[in-house]
Amino acid sequence: VTLSPPQPTDLEPVLTDLGVAVARAADGMRTLIAAAEARRAPPASTFAALAADGLVLLVLAGEPDETELAALREALWPTLHAVAFYRLREGETLRRSHSGGARLAACAVRGTVVALRRREHVLSPESTREKFDANAKGWDDDPASPSYPHFRWMRRYVATFALPKTARRVLDFGCGAGWVGVEAALRTGAQLSAFDPSPQMVENTRRNARGAGVRDVDARVGFGEAPPFAGEAPFDVVISAGVISFSPDRERWLDGLAAMVESRGRLVIADLNPRSHGMKHRRRTKALVPIRELNAATADEVRAGLERRGFAARGRSDYQLSRPIPQLMHLNETKLGGLLSRPLVWLNAAASAGDGLTSGALDVLFDSWVLAFDRRD
Ligand SMILES: C[S@@+](CC[C@H](N)C(=O)[O-])C[C@H]1O[C@@H](n2cnc3c(N)ncnc32)[C@H](O)[C@@H]1O
């Protein structure tokens, strides 16, 4: 598959953009430059020797369109994940990545470069911490934002989905800015404990909880695979919203989650639905897709994993209409100045009435699921 890949010096602007020195790129285990024949992805086994923190630059002839790039990304997942795309043009190189677009100096060759890293590296503790520390501000509330009513509705939906009124000690597992746990604590008067890998998020949780009037809050730094409350008294209510899709090791993460719930305690878990029409459409048509959308688990997989760990499922809902909500939210934010904010929440609320435990074909209409369990032993 490596026909005649360019030399590292031919790709200097790309390597510099990715923080790799040209001299280091000569070490093939850390930076692998491969030219793909017929714009197709080489078999994932080609990259078996790549270092854990290695970078692959796949050089493609010409400018494949979005669906071709999406197909290539899918072919290499879950071994590798595409983190950036570069168009190498006359006079300039254009980059697209989750941190935004950029115009760079021209490379010595023309074509398209796909930058890929190992799945485990993109989901590693260091990358997670760095990513969420950098984005922590964006998770804080901005009540003036047109999407605020939607996000507030979502976190209330999960926080109150199966919340016992008698809750005494609530743990928000992967708390982000703390909103789901805060909502649960406010409804019940329970003590709030929370943790997140990002120290910045933990700081925001403390501030947000106090600001919302939750005085009793214990927020710590840690990962779900080794929760920072391990070895202490487990909780009567544990809630985890939008976290399992970031875990590099789902089984270890579920072990960590299960261990936090006391005997007969309640567990509520919610996340993205990889089976939804919208999610599948994005995977087919977009080159750049957040890793959590690829790494997400279905509700049935998570249910089976928790049943194996001694939990009995007691409720499920599929929520957040897959289409047209994300499209309308975008329109609402960019063009309509928030005009649709309320109607969108009503639409979602009306569509997401709990559907019990029978997961039918209807779940493909929703981008998220929530499950509630009781610990049996
Ligand atoms: C999409 S945010 C959701 C935050 C919050 N639960 C909410 O619903 O607003 C995902 C959060 O999961 C955290 N996270 C990522 N990997 C994790 C892991 N392995 N264990 C626990 N938390 C993790 C991130 O730091 C981030 O704050």
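A. Spotlight on unusual backbone geometry. Note the cis peptide between Trp77 and Pro78, where omega equals 5°. At Arg264, a position not held by glycine, the phi torsion is positive, near 70°. By secondary structure assignment, the location of Arg264 is in strand E11 (residues 261–272). With phi around 70°, Gln320 is a residue other than glycine that occupies positive phi space.

B. View of the site of the ligand. Surrounding the ligand, one finds 19 residues, the nearest of these being Gly174, Asp196, Gly224, Glu225 and Ala241. Gly224 places a polar main-chain atom, nitrogen or oxygen, 2.8 Å from a nitrogen atom of the ligand. Between the ligand and Ala241, the relevant distance is 2.8 Å, taken from a nitrogen atom to a main-chain nitrogen or oxygen of the residue. Isolated, the ligand exposes 590 Å² of accessible area, and the fraction of that covered by the protein chains is 94%. When residues in the shell around the ligand are grouped by element, the largest group, three residues, is from helix H5 (residues 125–139).

C. Focus on the pattern of salt bridges. Considering all chains together, one arrives at 33 salt bridges under this definition. Of the charged contacts in the structure, one is a salt bridge between Arg87 and Glu63, with a shortest N-O distance of 3.8 Å. A residue pair is termed long-range when its members are at least 10 positions apart, and Arg87 in strand E3 (residues 80–89) and Glu63 in the loop between strand E2 (55–60) and helix H3 (66–76) qualify at 24 residues. Since its relative accessible area comes to 18%, Arg87 is described here as buried. The salt bridge involving Arg309 is made with Glu251; its shortest N-O contact spans 2.7 Å. Placement of Arg309 in the loop between helix H12 (299–308) and strand E12 (311–321) and of Glu251 in helix H9 (residues 250–259) is noted, with a sequence separation of 58 residues between them. Within this structure, Arg275, Asp300, Arg316, Asp318 and Asp363 form a network of salt bridges that share partners.

Calculation rules
- Residues numbered from 1 in each chain as written.
- Predicted model: local features only at pLDDT ≥ 70, side-chain atom pairs only at ≥ 80, totals over all residues.
- Heavy atoms only, no water.
- Helix = DSSP H or I, 4+ residues; strand = E, 2+ residues; numbered from the N terminus.
- Near = heavy atom within 4 Å.
- Polar contact = N/O pair within 3.5 Å; in protein donor to acceptor, adjacent residues only side chain to side chain.
- Areas by Shrake-Rupley, 256 points an atom, 1.4 Å probe, with all protein chains shown as cover.
- Salt bridge = Lys/Arg side-chain N within 4 Å of Asp/Glu carboxyl O.
- Buried < 20%, exposed > 50% of the residue type's maximum accessible area, 1.4 Å probe, protein only.

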